[in-house]
Amino acid sequence: MNETNHQLAREFIKSACFRMDESLRMIRLSFGHLSEEELWKRPGKASNSPANLILHLQGNIRQYAISSLAGLPDLRERDKEFSSSGGPGKKRLLQGLEDTIRQAGTN
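Everything numeric in this text was worked out from a predicted model, so none of it was measured.

1. Some remarks on helix α1 (residues 3-31)
Here comes step 1: Taking 1.5 Å as the rise per residue, α1 with 29 residues should run 42 Å; its terminal C-alpha atoms sit 42 Å apart, in good agreement.
Here comes step 2: Residues Met20, Leu24, Ile27 and Phe31 constitute the buried set of α1.
Here comes step 3: Against α2 (36-39), α3 (50-70) and α5 (90-106) lie the buried residues of α1.
Here comes step 4: Where α1 begins, the capping side chain belongs to Asn2, and its oxygen is found 3.1 Å from the backbone nitrogen of Thr4.

2. Things to note about the packing of α3 against α5
For any two helices packed against each other, one specifies the crossing angle of their axes together with the interaxial distance.
Here comes step 1: Packing of α3 against α5 leaves a shortest axis separation of 10 Å and a crossing angle of 15°. Between α3 and α5, the angle is such that the two are roughly parallel. Viewed along their axes, α3 and α5 form a crossing whose handedness is left-handed. Side by side, α3 and α5 meet where Ala51, Ile54, Leu55, Leu57, Gln58, Ile61, Arg62, Ala65 and Ile66 of the first sit next to Leu93, Gly96, Leu97, Thr100, Ile101, Gln103 and Ala104 of the second.
Here comes step 2: Tallied by class, the residues present in the contact of α3 with α5 amount to 11 nonpolar, 4 polar and 1 charged.

3. Quick notes on the pattern of salt bridges
Here comes step 1: Inspection of the entire model under this criterion finds 6 salt bridges.
Here comes step 2: Among the salt bridges present, the one from Glu77 reaches Lys80, with a minimum N-O distance of 3.4 Å.
Here comes step 3: Residue Glu77 is classed as partly exposed on the basis of its relative accessible area, which comes to 47%.
Here comes step 4: As a salt-bridge pair, Arg102 and Asp99 come within 3.0 Å of each other at their nearest N and O atoms.

Cut-off values and rules
Position labels on residues start from 1 in each chain and follow its written sequence. For a predicted model such as this one, the threshold for reporting local features is a pLDDT of at least 70, and the threshold for listing and counting side-chain atom pairs is 80 or more; totals across whole chains, interfaces and linings nevertheless cover every residue. Each side-chain value is worked out from all heavy atoms of the structure, with water and hydrogens disregarded. The way it works is that DSSP assigns letters per residue, a run of H or I at least four long becomes a helix, a run of E at least two long becomes a strand, and they are numbered from the N terminus. A helix is expected to span 1.5 Å multiplied by its residue count minus one. Accessibility here uses a 1.4 Å probe with only protein chains present; expressed as a share of the type maximum, an area under 20% marks a residue as buried, one over 50% as exposed, and anything in between as partly exposed. When checking whether two residues touch, look at their non-hydrogen atoms; a contact exists if any pair is within 4.5 Å. Polar contact is defined as a pair of N or O atoms within 3.5 Å, subject to the rule that within protein one atom must be able to donate a hydrogen and the other to accept it, and that residues adjacent in sequence are counted only when both atoms are side-chain atoms. Here the axes come from fitting lines to C-alpha atoms, over the contacting stretch only for helices, and the angles between their N-to-C directions go from 0 to 180 degrees. Working rule for angles: under 35 degrees goes down as roughly parallel, over 145 as roughly antiparallel, 65 to 115 as roughly perpendicular, anything else as oblique. For any pair of crossing helices, the crossing counts as left-handed if the nearer helix is rotated counterclockwise from the farther one by less than a right angle, and right-handed if it is rotated clockwise. For this scheme, ten residues count as nonpolar: Ala, Val, Leu, Ile, Met, Phe, Trp, Tyr, Cys and Pro. Four count as charged, namely Asp, Glu, Lys and Arg, and the remainder, Gly too, count as polar. Every case where a carboxyl oxygen of Asp or Glu lies within 4 Å of a side-chain nitrogen of Lys or Arg is listed as a salt bridge.

As structure tokens, this is what we get:
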């Protein structure tokens, strides 16, 4: 890979990390408006709860940014991301997402 390609790759990684951090900031703000009860509530039968969406986001980041790029095993259980109807509270969900984003940024 030549220097131009290395520079483009570094810029892409920097931009992706910035986007993940900025998205996490907005998720934190949004979660501040949710009660613990609302976290797992689905607005309709075909809808997902905010917690399901966080689990799905974590699964995507682990599969595409951690497993694929770092060559680590893909242990994703995608169906569980959507079928779960209860689980961790806001603090634990956000901590899990933060940990996943941090891991993705270091790989």
